[in-house]
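Architecture and fold: a report
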Amino acid sequence: MQKALSLVEEIKNANSTNVDSVSSATLSSEGIKEAVNNALAKALKTVFEGGDGSKNNPYEIKTAEQLKGFANEVNNDKDYQGKYITLSDDIDLSGQEWIPIGITGTGFSGTFNGAGKTVQGLTIRNGTAQQAGLFGQLGTGAKIFDLVLTRVDIATSVVEATYDSNAGSIAGSTAADVVINNCRIDGKVTASVNNKISRAGGVVGSLGQANVVTNCYTNVTVTAHSVNGGAYAGGIAGVSGNKSVVVNAAALGDVSAEADGESFGVAGGILGTHAGTAYNVYALGQVTSESANEARRLAGGISGMVTANTALINAYYNDQNAQGFMTATGSVTGYITDNVQAVEQGDMSSESFAEGLNNGLKKASISAAAATITAANKANMGDLLSAAGSVKFYAWEPTGGKVLLAKQFFAEIIDTTIFESGQGTAEDPFIIKTEQQLRDFAKSLSDDVTYAGIYISLTGDIDVSSEQWTPIGLGHYDFCGIFDGRGHVIKGMFIGSRNSSYEEPIGDERDTSKMTTYYGLFGVIGENAVVKNLGIENATVSVKRDGISLAGLLAGLTDKSFIDSCYATGYVYSETTNPLKTESSERINAWAGGLIGMTVRGGIINSWTNAEVIALP
């Protein structure tokens, strides 16, 4: 109201009765516009330090007062959908009662970038909020990332509850399609309610459908309590909805669910009641649950209650907990539990434990887990590949007696055990001697492992006719190193046959464990790569796919690379089974070449082929 009165006063002061001789408009119109703009700019300044809310110039929050002003805006039904907010300084909320951002309405639906800054002392102790956290509710599509919360102290206690009670450090609850990435939190969260359901989590109380939580760890004591209602508690979330995915996360604090009555008391080290996927996670704390009905007293080191739509893969929990997960009844089936392990508490701070978690971040490990989930044919388990592909993962490291997320991204390193010997240098290249070594090398490439600047050599001819070949890099990753055949020959390579082409299953272009698009000894020979002194004999590459297809005996594609003194003999067939795009008449092509399917820039010298080559259409 005060801002409105101030605005009116400025407009009155800018007003006049002077008339423009050309337009016949009062000159005061320009003054009014200027006054309005100035007043609005001043009002905006009280909420934000600067910015216009765009991705390139986000609204900037620098002080506790600005953060509270922002909360007030959201609590007055401004959801900031499509807008960007960033912190520009650490903020101390100690000594004051926090009113959550989005405690009413649909909540915040924009993008909030913590920029690595810390909000400390977040306190909600008066306890009547039924959606409690830094944010009360996060609306559809909201994104929260790169935020540190320390000394969180949330304790809600709602006696006359209208709705269920949800409490979490980041948010009480989330709508669909919310993303939370790289949030690091310590403190305590308690949600208590009468005659309704209570949900409490280290990150979120109630996690909505198709949410993605990545790169988060909490050291939060979590308690959910209900009188005559269910209580659900988790180190990351009290409840997770269908299609939700939690990846590369840890919870270090104790978790408890207390139902004072016959209702469910469900507690999990990571998730209380769990639908969707949890992959590469660990929980260190003690997990307990209480209910007057023993059959509804569920506690698990990872998940208190899994459903038929749950996938737990690469999940580790403190062996002081009796089990990793439980089900509501024995009739619940169809869930996935793969490599869910109890670990001694002392071992959960070791270098080897961190290494195990980091191994789970390798592309091959993620692809294998995604294949397991895909095989279950349950969409409600969520899309692990999509979630993993949307972020870079932080590595794990032992520090301060715990294994925590580092400040550096995980990067795959070359697995030298693949090779017979060598250091990968020009003087001492990695040596490939056997068929198995060559096949392992083919699957070793990733976003981080392209072999750029690395030297690899053969020490003899290799026959690979024992089974179908998968291209080096599988078509997903470029080889960017130096491969010297030293005059040796790779014999009998085949992908498909003359009479039966390999038909790529639809969807394999998204699965990095499957070959796709680019077919040959190599999938793609990439920037600055050199392949030389190599023969390929009696080889067959015969492929069909629903899309662009590139096939050659040496490689499907070369891009800014050099081929020197190579030859190939055999048969090449490349076909696209869908030559016309459904939305237009633009053609989708197939390319085939005796040596290379297509070459872009770079060069080929001193090389030849003797191959039958067919491309359709």
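In what follows, the structure referred to is the one given above.
About the thresholds
Residues numbered from 1 in each chain as written. Predicted model: local features only at pLDDT ≥ 70, side-chain atom pairs only at ≥ 80, totals over all residues. Heavy atoms only, no water. Helix = DSSP H or I, 4+ residues; strand = E, 2+ residues; numbered from the N terminus. Buried < 20%, exposed > 50% of the residue type's maximum accessible area, 1.4 Å probe, protein only. Contact = heavy atoms within 4.5 Å. Areas by Shrake-Rupley, 256 points an atom, 1.4 Å probe, with all protein chains shown as cover. Salt bridge = Lys/Arg side-chain N within 4 Å of Asp/Glu carboxyl O. Pairing = 2+ DSSP bridges. Phe/Tyr/Trp six-rings, centres within 6.5 Å; stacked < 30°, edge-to-face > 60°. Polar contact = N/O pair within 3.5 Å; in protein donor to acceptor, adjacent residues only side chain to side chain. Core = buried A, V, L, I, M, F, W, Y, C linked by side-chain atoms within 4.5 Å. Disulfide = S-S within 2.5 Å. Expected span 1.5 Å × (residues − 1). Arc of directions from axis to C-beta.

1. With respect to the overall build of the chain
Looking only at helices and strands, one finds seven helices and 45 strands in the chain. Along the first, second and third principal axes, the C-alpha atoms of the chain reach 85 × 85 × 45 Å. Classification of the 617 residues of the chain by burial places 51% in the buried group. For the chain, restricting intrachain contacts to residue pairs at least 6 apart in sequence, the fraction spanning at least 24 positions comes to 79%. Of the roughly 25,600 Å² of accessible surface on the chain, 47% is carried by carbon and sulfur atoms.

2. With respect to the pattern of salt bridges
Taken as a whole and assessed by the stated rule, the structure comprises 12 salt bridges. Here arginine 545 and glutamate 504 are joined by a salt bridge, their closest N and O atoms 2.9 Å apart. Here arginine 545 is found in strand E38 (residues 530-545), whereas its partner glutamate 504 is found in the loop between strand E35 (502-503) and strand E36 (518-519), with 41 residues between them in sequence. Take arginine 545 and glutamate 504: they sit in the same class, and that class is buried.

3. With respect to the sheet that holds strand E39 (residues 549-552)
Backbone-to-backbone hydrogen bonds join strands into a sheet, with any given pair of strands oriented parallel or antiparallel. Strand order in the open sheet formed by three strands is E36-E39-E42, with parallel pairing between adjacent strands. Looking at the sheet topology across the chains shown, the edges are occupied by E36 and strand E42 (590-593). Where E36 meets E39, two bridges bridge the pair, whose relative direction is parallel. The residue bridging tyrosine 519 from the neighbouring strand is alanine 551, located in E39.

4. Here we look at the packing of aromatic side chains
Counted by the stated rule, this structure contains 26 aromatic pairs. Judged by centre distance (5.0 Å) and plane angle (90°), the ring pair of tyrosine 282 and phenylalanine 353 falls under edge-to-face. Of this pair, tyrosine 282 sits in strand E21 (residues 271-283) while phenylalanine 353 sits in helix H4 (residues 351-359); the two residues are 71 residues apart in sequence, bridging distant segments of the chain. For tyrosine 282, a relative accessible area of 1% puts it in the buried group. Measuring from centroid to centroid gives 6.2 Å for phenylalanine 441 and phenylalanine 483, while their planes differ by 25°, and the two rings are stacked. A residue pair is termed long-range when its members are at least 10 positions apart, and phenylalanine 441 in helix H7 (residues 435-442) and phenylalanine 483 in strand E33 (residues 482-491) qualify at 42 residues. Comparing phenylalanine 441 with phenylalanine 483, the two get one shared label, buried.

5. As for the side chain of threonine 576
Looking at where threonine 576 falls in the secondary structure, it is placed in strand E41 (residues 562-576). In this structure threonine 576 comes out as buried when scored by relative accessible area, which is 3%. Of note is the side chain of threonine 576, whose polar atom sits 3.5 Å from the backbone oxygen of arginine 545. Not counting residues up to four positions away in its chain, the partners in contact with threonine 576 are Arg545, Asp546, Gly547, Ile588, Asn589, Ala590, Leu616 and Pro617.

6. Quick word on the sheet that holds strand E32 (residues 478-479)
Strands sit in the order E32-E37-E40-E43 across an open sheet of four strands; the sheet is parallel. Only two strands of the sheet have a single partner each, and these edge strands are E32 and strand E43 (596-600). Looking at chain direction, strand E40 (residues 555-559) and E43 are connected through four bridges and run parallel. Bridged to aspartate 559 within E43 is valine 600.

7. A look at the nonpolar core
Within the largest apolar cluster, 72 residues are counted, with the highest numbers of intra-cluster contacts made by Phe70, Phe112, Ile170 and Ile180. The contact partners of isoleucine 170, leaving out residues within four places of it in the chain, are Gly133, Leu134, Phe135, Leu138, Ile144, Leu147, Leu149, Ile180, Cys183, Ile185 and Val203.

8. A closer look at the side chain of serine 226
Within the secondary structure, serine 226 is located in strand E15 (residues 212-227). Residue class for serine 226 comes out buried when judged on its relative accessible area of 0%. A polar contact of 2.6 Å, which involves the side chain of serine 226, links it to the backbone oxygen of lysine 196. From its side chain, serine 226 meets the backbone nitrogen of glycine 229 in a polar contact 3.2 Å long. Apart from the residues lying within four places of it in its own chain, the contact partners of serine 226 are Val193, Lys196, Ser198, Ala231, Glu258, Ala259 and Asp260.

9. What about the environment of alanine 555?
Within the element layout of this structure, alanine 555 appears in strand E40. On a C-alpha basis, the gap between alanine 555 and leucine 404 in space is 42 Å, while along the polypeptide they are 151 residues apart. If we skip the residues at most four places from it in the chain, alanine 555 touches Tyr519, Gly520, Phe522, Gly523, Ile525, Leu595, Ile596 and Gly597.

10. A word on the pairing of strand E24 (residues 303-318)
Among the 16 residues of E24, 14 are classified as buried, and the element is accordingly described as predominantly covered. Of the pairings in the sheet, the one linking E21 to E24 comprises 10 bridges and is parallel in character. Residue pairing for E24: valine 281 is matched across the bridge by alanine 315. Of the strand pairs in this sheet, E24 and strand E25 (residues 325-327) are connected by two bridges, and their pairing is parallel.

11. So, the state of the cysteines
According to the stated counting rule, one finds zero disulfides in the structure shown. Cysteine 480 carries a free sulfur, and the closest cysteine sulfur to it, the one in cysteine 566, is 16 Å from it. For cysteine 480, a relative accessible area of 13% corresponds to the buried category.

12. Describing helix H5 (residues 363-376)
Taking 1.5 Å of rise per residue, the 14 residues of H5 would be expected to cover 20 Å, and the 20 Å separating its terminal C-alpha atoms lies within 8% of that figure. What H5 keeps buried is the set Ile366, Ser367, Ala369, Ala370 and Ile373. Viewed along the axis of H5, the buried residues span an arc of 165°, placing them on a single side of the element. Set apart from the buried face of H5 by more than 90 degrees, the exposed residues are Ala364 and Ala375.

13. As for H4
Residues lying three or four places apart along an α-helix face the same way, a consequence of the helix completing one turn every 3.6 residues. Along H4, the positions that sit buried rather than exposed are Phe353, Ala354, Leu357 and Asn358. Angular distribution of buried residues about the axis of H4 spans 140°; they occupy a single face of the element. Facing away from the buried side of H4 by over 90 degrees, the exposed positions are Glu351 and Ser352. Next to the buried residues of H4 lie E21, E24, strand E26 (336-343), strand E27 (394-399) and strand E28 (402-409).

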